[in-house]
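Here are the chains, one letter per residue:
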Amino acid sequence: MAEGWLKSAAGEGGTMLLQAGGHWDARNVTRLDLQLRDLTPTDDMPVVLDLGAVERLDTAGAWLLYRTLKTCRAGGGRADFAGLTPAYQTMLEQVAANDQPAEIEPPHPAALLAVLERLGRGAVDVGEEAKQQVAFLGLLLVCLAGSLRHPSRLRLVPLVYHMEKVGFNALPIVGLISFLIGVVLAYQGATQLQRFGAEIFVVNLIAVSVLREIAILLTAIVVAGRSGSAFTAEIGSMVVNEEVDAMRTLGLDPMEVLVLPRVLALVITLPLLAFFADMLGLFGGMLMCWLALDISPGLYLERLQDAVSLWSFWVGIIKAPFFAFLIAMVGCLEGLRVTRSAESVGQQTTRSVVTGIFLVIVVDAMFSIFFAAVGV
Amino acid sequence: MEDAIIRVQGLRTQFGDQVIHDNLDLEVRRGEILGIVGGSGTGKSVLLRTIIGLNRPAAGRIEVFGQDLGQATPEERLAVEQRWGVLFQDGALFSSLTVAQNIEVPMKEHLGMPARLRDEIAALKIAMVGLPPEAGSKYPSELSGGMRKRAGLARSLALDPDLIFLDEPTAGLDPIGAANFDQLIRRLQVNLGLTVFMVTHDLDSLHAICDRIAVLAEKRVMVIGTMADMLRHEHPWLQEYFHGPRARAAQPQKEELLEEAST
Ligand SMILES: Nc1ncnc2c1ncn2[C@@H]1O[C@H](COP(=O)(O)OP(=O)(O)OP(=O)(O)O)[C@@H](O)[C@H]1O
Ligand SMILES: [Mg+2]
């Protein structure tokens, strides 16, 4: 690749002669820029920039030459070009005509101030988000009531499609996780209870913890990560493409078309997933009890009947639709809050998962208090 | 030195069974503005994407700057890629970067320029495409369609390419904005010695700035020539395209623009 070069010499009559040559183009300007910035013209010494040997000049190169001339002149000295061809002349004029500083980034405040500003913005944002969630909840309920009154408005095909995606397709991962947790609980519980010679109570431990808390909570967390994020990303990309706006102008309500099928699909399938998780958790525990503790499946099932009432089972399942509603609602809301950039899709997706899981755990705690109060 | 900057020979592109181009030949000469026209779906955008390597051709040979892109090593390809700029239909700006940062991307990635010089050159390009200085710090989502196009053009000019590809540069601009954009392209072409490959439906642009026009039909370049050739050609589609009600409204104005550009 051809190089560009710059030589400085003392010219005639006490001038400083800068000779430029070779290729003055974007590929070479980095080096030439360093060389030119180091150059400090002595006061009052006229500068001549000789372009006689330049073989190629583009806007980047022309900018460097023009800038050098400008700084020399700004210092009060005289500076001129020499050896200009008409083409270079045009290029330099072009650059001179477009010499205007532009803003590169939005202004940054000072570091400490920036931290404070972020904190403030974050706090306001959390409040704003909570407000929007409540408003969205209201809208969603109105929409739901509307479609209950006119069931024909309910979109069955998307509903079934989403049920398959969020429910059926999640079976393997939800099943595997619950099974493994059942195994782990049996094993950990047994090593502790063996010390009291009470290993048979490991069945109670597994049954109560899996049915009441662990199966549903894990399922909800997996679904928040899997489907809540998908809802946000899908709806968010549609917002970026202005598809949601297009929908509104066509008289379609995004709430009815996008949000409701997703929410309903999750509300219907999460209890089923939770039931599946219950079964596999208990099965994992049973397998481990049999292999490691010699508690036969028959004995395990018998203990199971004694250990848990039907309510333990219902306590877990009742929570499922509430969790589903929260996850789907947050997922859709965050998707609609996307602004028109790819980055914001990512941000809102992260937010949707974090908020979804957070809300699930908060509501789970409230349920625990409630169930303790009513005594089941 | 070769006179054709782009040389396409025997090009065939297809998606599945659907053949888009078959045995297509095209030559783009150094320093010209070539307009590509053709009905919707005749494969103008696909041709552009194939030449710049976003689509693999099923057969044929594509040479750009005398380099056969089918045979090029990754290094050779990169060298060619640095010599062209592409303006996609909607600008295709990176949404997480400001306009100025978008323009700086190629300078930073390929040439490793220091930040200060990048900022200066970005400011220069912003002015060259006629954007106001404040636009530099705006994000693409905060710009109008026409401003996005200008910003996209500025990014495609970042490395001072010898060749630029434009996909419908004036679509979606108001007539004044479109005329300005035409003028801008003409001015850049004259002053920077650019070669321009432009897909367009805009009859005004065709009249005003295109040196030659290539008509895509029947899976190949059916006719290529100057505006005058197009007007004389008796193919019915060409007759309708260039003599239809909208064509009559678009006055020949190339000479005026050329004068303006060179002053
Ligand atoms: N990725 C793709 N997969 C399959 N078919 C495609 C793909 N991209 C384009 N096509 C097909 O190739 C044909 C040509 O498309 P192209 O976008 O090049 O049209 P065009 O000439 O640019 O039209 P317009 O003037 O409307 O922009 C169309 O029939 C289109 O359906
Ligand atoms: Mg197209």
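Keep in mind the model is a prediction, meaning the values are calculated, not measured.

Asker: So what about the sheet that holds strand β4 (residues 79-82) of chain A? Which residues, and what values?
Answerer: Residues and elements named next belong to chain A. In spatial order, the strands read β1-β2-β3-β4; together these 4 strands make up an open sheet with mixed pairing. Of all strands in the sheet, those with a lone pairing partner are β1 (4-10) and β4, marking the two edges. In this sheet, neighbouring strand axes are inclined to one another by 20 degrees on average, regardless of whether the strands run parallel or antiparallel. Note that strand β2 (residues 16-24) and strand β3 (residues 47-57) share 8 bridges and pair parallel. For Trp24, the partnering residue across the bridge sits in β3 and is Leu57. Along the sheet, helix α3 (residues 86-97) contacts β3 and β4; its crossing angle with β3, the most-contacted strand, is approximately 110 degrees.

Asker: Tell me about the nonpolar core, residues and numbers included.
Answerer: Residues Trp24 of chain A together with Leu153, Ile213 and Phe242 of chain B are the most contacted members of the largest nonpolar core, which totals 83 residues. Per-element accounting of this core gives the leading share, 8 residues, to helix α2 (residues 59-74) of chain A. Not counting residues within four places of it along the chain, the set of residues in contact with Ile213 of chain B comprises Leu34, Gly35, Val37, Leu206, Val223, Ile224, Gly225, Met227, Met230 and Phe242 of chain B. With 69 residues, the next largest nonpolar core counts Ile206, Val239, Met247 and Leu273 of chain A among its residues.

Asker: Outline the pairing of strand β8 (residues 195-199) of chain B, supporting the account with residue identities and numerical values.
Answerer: Residues and elements named next belong to chain B. The element β8 is extensively covered by neighbouring structure, given that 5 of its 5 residues are classed as buried. The side-chain alternation of β8 yields two buried faces, one formed by Thr195, Phe197 and Val199 and the other by Val196 and Met198. Bridging between strand β3 (residues 33-37) and β8 involves 4 bridges; their strand directions are parallel. Its bridge partner being in β8, Leu34 is matched across the sheet by Phe197. One ladder, built from 5 bridges, connects strand β7 (residues 163-167) with β8; its direction is parallel. In the sheet register, Leu163 faces β8, and the bridge partner there is Thr195. After leaving β7, the chain enters helix α6 (residues 175-192) and then returns to the sheet as β8, a path that is right-handed.

Asker: Explain the pairing of β3 of chain B to me, using residue names and the numbers behind them.
Answerer: Residue and element names in this part refer to chain B. Of all 5 residues in β3, 5 are buried; the element is thus mostly enclosed. Of the two faces of β3, both are covered, the one formed by Ile33, Gly35 and Val37 as well as the one formed by Leu34 and Ile36. Examined bridge by bridge, β3 and strand β9 (residues 212-217) share 4 bridges and lie parallel to one another. Considered in β9, the bridge of Ile36 is made with Ala214.

Asker: Which residues make up the packing of aromatic side chains, and what are the values?
Answerer: Across all of its chains, the model carries 11 aromatic pairs over all chains by this definition. Residues Phe275 of chain A and Phe313 of chain A carry aromatic rings whose centres are separated by 6.0 Å and whose planes lie at 80 degrees to one another, so their mutual orientation is edge-to-face. Of the two residues, Phe275 of chain A is situated in helix α9 (residues 254-293) and Phe313 of chain A in helix α11 (residues 310-336); the sequence distance between them amounts to 38 residues. Accessibility expressed as a relative area gives 41% for Phe275 of chain A, which makes it partly exposed. The interplanar angle of 35 degrees and the centroid separation of 4.7 Å between the aromatic rings of Trp237 of chain B and Tyr241 of chain B together place this pair among those described as tilted. Highlighted residues: Trp237 of chain B and Tyr241 of chain B, both in helix α9 (residues 236-243), separated by 4 residues, approximately one helical turn. Relative accessible area serves as the criterion here: at 16%, Tyr241 of chain B is assigned to the buried category. Of the aromatic side chains, those joined through ring pairs into one cluster are Phe322, Phe367, Phe370 and Phe371 of chain A. The ring of Trp5 of chain A is capped by Lys7 of chain A, whose NZ or CZ atom sits 4.3 Å from the centre of that ring. The side chain of Arg155 of chain B reaches across the aromatic face of Phe94 of chain B, ending 4.7 Å from its centre.

Asker: Give me the interface of chain A and chain B: which residues, what numbers.
Answerer: Facing the 29 residues of chain A at the interface are 37 residues of chain B. Scanning the region where chain A abuts chain B turns up 3 salt bridges. Put simply, chain A and chain B have 12 residue pairs in polar contact (both at pLDDT 80 or more) between them. Those elements giving two or more residues to the side of chain A that touches chain B turn out to be α1 (29-38), α2, α3 and α12 (342-374) of chain A. For the side of chain A that touches chain B, the per-class residue count stands at 12 nonpolar, 7 polar and 10 charged.

Asker: Which residues make up the sheet that holds β9 of chain B, and what are the values?
Answerer: One key point about sheets: their strands pair by backbone hydrogen bonds, in either a parallel or an antiparallel sense. Residue and element names in this part refer to chain B. Spatially, the 6 strands line up as an open sheet ordered β6-β7-β8-β3-β9-β10, and their pairing is mixed. Taken across any chain shown, the strands that pair with only one partner, and hence form the sheet edges, are β6 (84-87) and β10 (220-225). Neighbour-to-neighbour, the strand axes of this sheet turn through a mean angle of 15 degrees, independent of strand direction. Sheet topology places β6 next to β7; 4 bridges connect them, and they run parallel.

Asker: Could you give me a rundown of the site of ligand 1, with the residues and numbers involved?
Answerer: All names here are of chain B. Residues in close proximity to ligand 1 total 13 residues, the closest being Ser40, Gly41, Lys44, Ser45 and His201. One of the side-chain N or O atoms of Gln18 is found 3.1 Å from an oxygen atom in ligand 1. Separating an oxygen atom of ligand 1 from a side-chain N or O atom of Glu168 is a distance of 3.5 Å. Isolated, ligand 1 exposes 630 Å² of accessible area, and the fraction of that covered by the protein chains is 59%. Counting only elements with at least two residues in the shell around ligand 1, the list comes to β2 (18-29) and α1 (44-51). Per-element accounting of the shell around ligand 1 gives the leading share, 3 residues, to α1.

Asker: Describe the pattern of salt bridges, listing the residues and the values that go with them.
Answerer: All names here are of chain B. Inspection of every chain in the model, using the stated rule, returns 35 salt bridges over all chains. Among the salt bridges present, the one from Arg61 reaches Asp68, with a minimum N-O distance of 2.9 Å. Given the relative accessible area of 13%, Asp68 is considered buried.

Procedures and definitions
- Residues take numbers from 1 onward in each chain, read along the sequence in its written order.
- Chains and ligands are labelled by the order in which they are written, letters from A for the one and numbers from 1 for the other.
- Two thresholds apply to this predicted model, a pLDDT of at least 70 for residue-level local features and 80 or more for giving and counting side-chain atom pairs, whereas whole-chain, interface and lining totals are computed over all residues.
- Heavy atoms from the whole structure form the basis of all side-chain values; hydrogens and water molecules are not counted.
- Strands qualify as paired when DSSP identifies two bridges or more between them.
- Numbering of helices and strands starts at the N terminus; helices are DSSP runs of H or I of at least 4 residues and strands are runs of E of at least 2.
- Fitting a line to C-alpha atoms yields each axis, with helices limited to the stretch in contact; the angle taken between N-to-C directions then spans 0 to 180 degrees.
- Two residues qualify as a contact provided that any one of their heavy atoms is within 4.5 Å of a heavy atom in the partner residue.
- Nonpolar cores were defined as sets of buried Ala, Val, Leu, Ile, Met, Phe, Trp, Tyr and Cys residues, with membership established by side-chain atoms within 4.5 Å.
- Exposure categories follow from relative accessible area, calculated using a 1.4 Å probe and restricted to protein chains: below 20% of the type maximum is buried, above 50% is exposed, and the middle band is partly exposed.
- When the strands point away from the viewer and the connection leading from the first strand across the helix to the second strand turns clockwise, the crossover is called right-handed.
- Paired rings are identified among Phe, Tyr and Trp, the last through its six-membered ring, by centres lying within 6.5 Å, and are further divided according to the angle between planes into stacked (under 30 degrees), edge-to-face (over 60) and tilted (the rest).
- Criterion for a charge above a ring: Lys NZ or Arg CZ within 6 Å of the ring centre, and within 35 degrees of the ring normal.
- Salt bridges are counted wherever a side-chain nitrogen of Lys or Arg sits within 4 Å of a carboxyl oxygen of Asp or Glu.
- Think of a polar contact as two N or O atoms within 3.5 Å of one another; within protein, one of them needs to be a possible hydrogen donor and the other a possible acceptor, and neighboring residues in sequence only count if both atoms come from side chains.
- Residue classes follow a fixed rule: Ala, Val, Leu, Ile, Met, Phe, Trp, Tyr, Cys and Pro count as nonpolar, while Asp, Glu, Lys and Arg count as charged, and any other residue, Gly among them, counts as polar.
- By convention in this text, a residue qualifies as near a molecule or strand provided that one of its non-hydrogen atoms is within 4 Å of it.
- Using a 1.4 Å probe, the Shrake-Rupley method yields the accessible areas, and only the shown protein chains count as cover for residues.

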